[in-house]
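Okay, here's what each chain looks like letter by letter:
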Amino acid sequence: MTTVTKTEDAPAPTGPEGFLSVRDLSVRFATEDGVVKAVDGLSFDVERGRTLGIVGESGSGKSVTNLTILGLHNPRTTTIDGEIVLDGKELVTATEREMEQLRGNKVAMIFQDPLTALSPYYTVGRQIAEPFIKHTGASKKEGWARAVEMLGKVGIPNPEQRAKDYPHQFSGGMRQRAMIAMALVCDPDLLIADEPTTALDVTVQAQILDLLKDLQQEFGSAIVFITHDLGVIADMADDILVMYAGSAVERGSVDEVLRAPRHPYTWGLLNSMPRLDSDLSAQLSPIPGTPPSLLNPPTGCRFHPRCTFQDRVGGNRCATERPLLAPDRSSACHLTAEQKRTIFIDEIKPRLG
Ligand code: SF4
C-alpha cells in the first residue's frame, strides 16, 4: 500500500496560475497487457514569453503530456483526468472541433522529425500557407505571401523561390526551419517543441535554438521545450521540470535546478552527461538500472529501485510512501532539505567538476 506525502521542502501551492496551467494531470492508456499509467498527478504552469524545459529519459511522460495538451490521443483507449487550462480555456473537456480550432492557431508543435510533419506531395510554401488560410480566412494569395514572409523570417535564403520547392529539395536544417515557419505562421500563444534539434548536427542545432529564441522574443509565445539534453535546456529554458516515470520529480528556475539540484534523479542525469571541459578518459556515470514499466510502476517513490540514497531516509519510507511535488520550487524526495543540500555539495558537486 502506497501513501502520498508532500515533501519537507514542498510548501503549499502559491502564486498566480500561468498562461498554461496543468493541474493533477493523469493520462492512462488501455493496452492488451493492461493499463499504462503514462502520466500521473502532474502539475505545472508556463507564463507568456517564458520557456519551460521538460527533461527526462524516454518513457518519463514528457511527450505524452504535450500530446495531451494538443488533444492528440485516441479517446477510445485513453483516459485523461485533471485540468489543462490555456488562457482561461479548459482543454481536457474541449470537443475535437474546439481543439482543431486551437491547434496550429493558438497552440503549435515542432516535432523532432520534420518529415513527419511535412507532406512530400505539396510544396513547402503551400504547407505553410494552409494553416494561415484555414485559421485567418485569408485568400490563397495572402496565404502564399505569408508563407514567403515566414520562410524569410526563419532564415531561408531566396524565400520566394524556395517556397515552390518540395520538402525533399530542402536540407535537414532547412526542413526544420520550414517546420518552425509552419508552426509560427498563425502567431501561436503556445509553442510545443519536442526534441526539435536532436536529429541535427551541432552547428545547425545551435542555429535553430538561436532562431527559436529570437522568434520567441518577436512573437512573445510561451514555449514548452522537451528534451533529454540538459545542455540544450540550459541554453533555452527559463524554468525546468524534471520528469521520471510519469511524474514531476523536480522543478525550479534553470539557475536553481542546474546550480543546486535537489533530487537524486536530477543528480543522476547531471552525472551521466558528457562535459566538454572534462578529462577525455573520465568515465560517465549512468544511473543504475532502467526506467520502470508504467504498467506496474514501483510503490512509494518511483525512483526507489534505482536510488542509491534511500538508506539515508531510513525505514522503508522510500518504498512505501510516495513523495509529491508542490507547484513551486521543490523536489519530490523524502530526504530533508538539509540532507539534499549537504549530499549535493559534499558528494555530487565534486564529481560534476
Ligand atoms: Fe526517492 Fe527516497 Fe531516493 Fe528520495 S531518497 S529519490 S524519496 S528513493
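For every chain, the first residue of the written sequence is number 1, and numbering continues from 1 along that sequence. Only residues with pLDDT of at least 70 are given local features in this predicted model, and only at 80 or more are side-chain atom pairs given and counted; all residues enter the totals for whole chains, interfaces and linings. With hydrogens and water excluded, all non-hydrogen atoms of the structure serve as input to the side-chain values.

Colleague: For the site of the ligand, give the residues involved together with the corresponding values.
Modeller: The immediate surroundings of the ligand are formed by 13 residues, with C301, C307, C318, C333 and H334 found nearest. Looking at the shell around the ligand, its residues break down into nine nonpolar, four polar and no charged. One heavy atom within 4 Å of a molecule or strand makes the whole residue count as near it. Here the nonpolar group is Ala, Val, Leu, Ile, Met, Phe, Trp, Tyr, Cys and Pro; Asp, Glu, Lys and Arg are the charged ones; every other residue, Gly included, is treated as polar.

Colleague: With reference to specific residues and values, describe the nonpolar core.
Modeller: The nonpolar core is taken to be a set of buried Ala, Val, Leu, Ile, Met, Phe, Trp, Tyr and Cys residues, with the residues joined through side-chain atoms within 4.5 Å. Note on exposure labels: buried denotes an accessible area under 20% of the residue type's maximum, exposed denotes more than 50%, and partly exposed covers the range between, all computed with a 1.4 Å probe on protein chains only. Membership of the largest hydrophobic core comes to 64 residues, with the highest contact counts inside it found for L20, F44, L190 and I192. The greatest single-element share of this core, amounting to six residues, is contributed by strand β3 (residues 34-46). With residues near it in sequence (within four places) discarded, L190 still touches F19, L20, I69, L86, K106, V107, A108, A222 and V224. Grouped together as the second largest cluster of nonpolar side chains are 40 residues, A108, V148, F219 and I223 included. For the purposes of this entry, the term helix denotes a DSSP run of H or I that reaches at least four residues, the term strand denotes a run of E that reaches at least two, and both are numbered from the N terminus. Contacts between residues were defined by any pair of non-hydrogen atoms, one from each residue, lying within 4.5 Å.

Colleague: Can you break down unusual backbone geometry residue by residue, with the values?
Modeller: Of note, the phi angle at E195 is positive, near 45 degrees, even though the residue is not glycine. If you trace the backbone, E195 turns up in the loop between β8 (190-194) and α8 (202-219). Not every positive phi belongs to a glycine, and A245 is a case in point at roughly 50 degrees. Locating A245 in the fold gives a position in the loop between β10 (239-244) and β11 (247-253).

Colleague: Kindly report on the packing of helix α4 (residues 124-136) against helix α7 (residues 172-184), identifying the contributing residues and their values.
Modeller: Simply put, an axis is a line fit to the C-alpha atoms, just over the touching stretch for a helix, and the angle between two N-to-C directions goes from 0 to 180 degrees. The interhelical angle for the contact between α4 and α7, taken along N-to-C directions, is 20 degrees, at an axis separation of 8 Å. Taken together, the axes of α4 and α7 lie roughly parallel to each other. In this structure, α4 crosses over α7, and the sense of that crossing is right-handed. From α4, V124, Q127, I128 and P131 reach across to α7, where they touch A178, A181 and M182. Tallied by class, residues from the contact of α4 with α7 come to six nonpolar, one polar and no charged. Orientation labels follow simple angle bins: below 35 degrees gives roughly parallel, above 145 gives roughly antiparallel, 65 to 115 gives roughly perpendicular, and whatever is left gives oblique. We call a crossing left-handed when the near helix sits turned anticlockwise from the far one by less than a right angle, and right-handed when that turn is clockwise.

Colleague: An account of the confidence of the model for the protein chain is requested, with residue identities and associated values reported.
Modeller: In this model, the protein chain carries a mean pLDDT of 86, and residues with pLDDT of at least 70 account for 90%. Residue range residues 1-16 is modelled with pLDDT below 50. Its contacts to residues more than four positions away, or to other chains, number 42 contacts. pLDDT is a per-residue confidence score from the predictor, ranging from 0 to 100.

Colleague: If you had to explain the packing of aromatic side chains to someone new, which residues and values would you point to?
Modeller: To describe a pair of aromatic rings, you give the distance between the ring centres and the angle between the ring planes. Two rings from Phe, Tyr or Trp (for Trp, the six-membered ring) form a pair when their centres are within 6.5 Å of each other. A pair whose planes differ by under 30 degrees is stacked, one over 60 is edge-to-face, and the rest are tilted. Under the counting rule described, the total for this entry stands at four aromatic pairs. With 4.7 Å between their ring centres and 55 degrees between their planes, Y244 and Y265 make a pair best called tilted. Here Y265 lies in helix α11 (residues 264-271) and Y244 lies in strand β10, a separation of 21 residues in the sequence. When sorted by exposure, Y244 lands in the same class as Y265, which is buried. Judged by its relative accessible area of 3%, Y244 is buried. Among the aromatic residues, ring-to-ring pairing joins Y244, Y265 and F303 into one connected group.

Colleague: Please provide a residue-by-residue account of the environment of A163, values included.
Modeller: Along the chain, A163 falls in the loop between α6 (159-162) and α7. Residues A163 and A147 lie 16 residues apart in sequence; the distance between their C-alpha atoms is 7.3 Å. A163 has contacts with T123, V124, G125, W144, V148 and L151, leaving out every residue within four places of it along the chain.

Colleague: How would you sum up the sheet that holds strand β6 (residues 89-90)? Please name residues and give values.
Modeller: When DSSP locates at least two bridges between a pair of strands, those strands are taken to pair. What the four strands build is an open sheet, ordered β3-β2-β5-β6; its pairing is antiparallel. In this open sheet, the two strands that pair with only one neighbour each are β3 and β6. Two strands pair when backbone bridges link them, and strand β2 (residues 20-31) and strand β5 (residues 78-86) are joined in this way by eight bridges, in the antiparallel orientation. Paired with R28 across the bridge in β5 is T79.

Colleague: Pulling in residues and values, what's your account of helix α14 (residues 337-352)?
Modeller: Across the chain, bend at a residue is computed as the angle between axes fitted to the seven residues ending at that point and the seven starting from it. At F344, α14 shows its largest kink, close to 40 degrees. For α14, the full list of buried residues reads K340, I343, F344, I348 and L352. Turning to α14, the residues buried within the fold contact α10 (254-259), α11, α12 (310-313) and β13 (330-331).

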